[in-house]
Amino acid sequence: MARIYISVGSNIDPAHYLRQANVALTRALGELTLSPVYQSEAVGFEGEHFLNMVIGADTDLAIEELVSLLKQIELDNGRKPGAKKFSARTLDLDLLLYDDVVCSSPIELPRAEILHNAFVLWPLADVAPTRCHPLNGTRFNALWSQFDKPSQRLWPVDFVWDSESQTQ
Ligand SMILES: Nc1ncnc2c1ncn2[C@@H]1O[C@H](COP(=O)(O)OP(=O)(O)OP(=O)(O)O)[C@@H](O)[C@H]1O
Ligand SMILES: Nc1nc2c(c(=O)[nH]1)N=C(CO)CN2
């Protein structure tokens, strides 16, 4: 069994697609650990605000199977294959950590974004505060407390998981 962490992001109908991701990942992986949901300004391009969060789970799937599963869930939820890297998206699911595995090609683990993006590191520090980054051995709560916070604006939101009639 591997402990995994997945980053979830959306800036097209984001409340709907976060709920869809939760349903699809629960179906595929079983019990999930959900971080709080954060709203954030789009980083790297002009666009609608994002909702971001991190999901933890235990799985017997291999890394490649897991990345294929995430890609299929993205496609099932309106993700346009071949869209520009920095562009609006219905659903982005990235595997951040698979136990303490370190690898780079074709699959990058741990995902470099952990150290660069507040919208990844804050929710990861929420769900795995005392877990250590596999490359530098530092706990995620310490990495978050050292992060240059004014550089990226994000804020926690009250998120309603079980109602399609709510917008957040
Ligand atoms: N840790 C990982 N998690 C998910 N996909 C990965 C990972 N490492 C490599 N990949 C591969 O990289 C491909 C592109 O994913 P990547 O997240 O880099 O770009 P994207 O999701 O298309 O765009 P963006 O970077 O704008 O989110 C994926 O389809 C997958 O095959
Ligand atoms: N706030 C925010 N900005 C982004 C995000 C994201 O998930 N949240 N994802 C991107 C491409 O991976 C680019 N910019």
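Residues numbered from 1 in each chain as written. Chains lettered and ligands numbered in written order. Predicted model: local features only at pLDDT ≥ 70, side-chain atom pairs only at ≥ 80, totals over all residues. Heavy atoms only, no water.

In the annotation of an unreviewed UniProt entry, the entry for the chain reads 2-amino-4-hydroxy-6-hydroxymethyldihydropteridine diphosphokinase, and the organism field reads Shewanella jiangmenensis. For the chain, the Pathway (unreviewed entry) comment in UniProt is given as "Cofactor biosynthesis; tetrahydrofolate biosynthesis; 2-amino-4-hydroxy-6-hydroxymethyl-7,8-dihydropteridine diphosphate from 7,8-dihydroneopterin triphosphate: step 4/4." (UniProt positions renumbered as here; feature names shortened; annotations may be inferred.)

(A) Representation of the site of ligand 2. Residues in close proximity to ligand 2 include S40, E41, A42, V43, F45, F50, N52, F86, R89, D92 and F119, which together make up its full environment. For ligand 2, a nitrogen atom lies 2.7 Å from a polar atom in the side chain of S40. Within the contact set of ligand 2, a nitrogen atom lies 2.8 Å away from a backbone nitrogen or oxygen of E41. In the complex, the protein chains occlude 89% of the 340 Å² of accessible area that ligand 2 would expose alone. One can see that ligand 2 is located within the largest pocket. Of the residues assigned to the shell around ligand 2, the class counts are six nonpolar, two polar and three charged. (Near = heavy atom within 4 Å. Polar contact = N/O pair within 3.5 Å; in protein donor to acceptor, adjacent residues only side chain to side chain. Areas by Shrake-Rupley, 256 points an atom, 1.4 Å probe, with all protein chains shown as cover. 1 Å grid on protein atoms, 1.4 Å probe; cavity = no way out; pocket = protein on both sides within 12 Å on 5 of 7 lines; lining within 4 Å. Sits in = over half its atoms within 2 Å of the grid points. Nonpolar A, V, L, I, M, F, W, Y, C, P; charged D, E, K, R; others polar.)

(B) Representation of the site of ligand 1. Around ligand 1, the neighbouring residues are V67, K71, R79, K85, R89, D92, D94, L95, P106, I107, E108 and R111. D92 has a polar side-chain atom sitting 2.9 Å from an oxygen atom of ligand 1. Burial of ligand 1 by the surrounding chains reaches 72%, relative to a free accessible area of 600 Å². In a pocket analysis with a 2 Å cut-off to the grid points, ligand 1 is assigned to the largest pocket. Mapped onto the shell around ligand 1, the elements with two or more residues apiece are α2 (63-76) and β5 (92-98). With three residues, β5 is the single largest residue contributor to the shell around ligand 1. (Helix = DSSP H or I, 4+ residues; strand = E, 2+ residues; numbered from the N terminus.)

(C) Summary view of the side chain of N22. With respect to the element layout, N22 can be found in helix α1 (residues 14-29). In this structure, N22 is in contact with L32, L34 and W161, ignoring residues within four places of it in sequence. (Contact = heavy atoms within 4.5 Å.)

(D) Highlighting unusual backbone geometry. Cis geometry is adopted by the peptide bond preceding P106, which originates at S105 and carries an omega value of 0 degrees. Along the chain, P106 falls in the loop between β5 and α3 (113-116). The step from L109 to P110 runs through a cis peptide bond, and the omega angle for that step is -10 degrees. Within the element layout of this structure, P110 appears in the loop between β5 and α3. One non-glycine residue, D13, lies in the positive phi region at around 45 degrees. Owing to a relative accessible area of 49%, D13 belongs among the partly exposed residues under this scheme. With a phi angle near 45 degrees, D99 is a residue other than glycine that sits in the positive phi range. Mapped onto the elements, D99 comes out in the loop between β5 and α3. For D99, a relative accessible area of 28% corresponds to the partly exposed category. (Buried < 20%, exposed > 50% of the residue type's maximum accessible area, 1.4 Å probe, protein only.)

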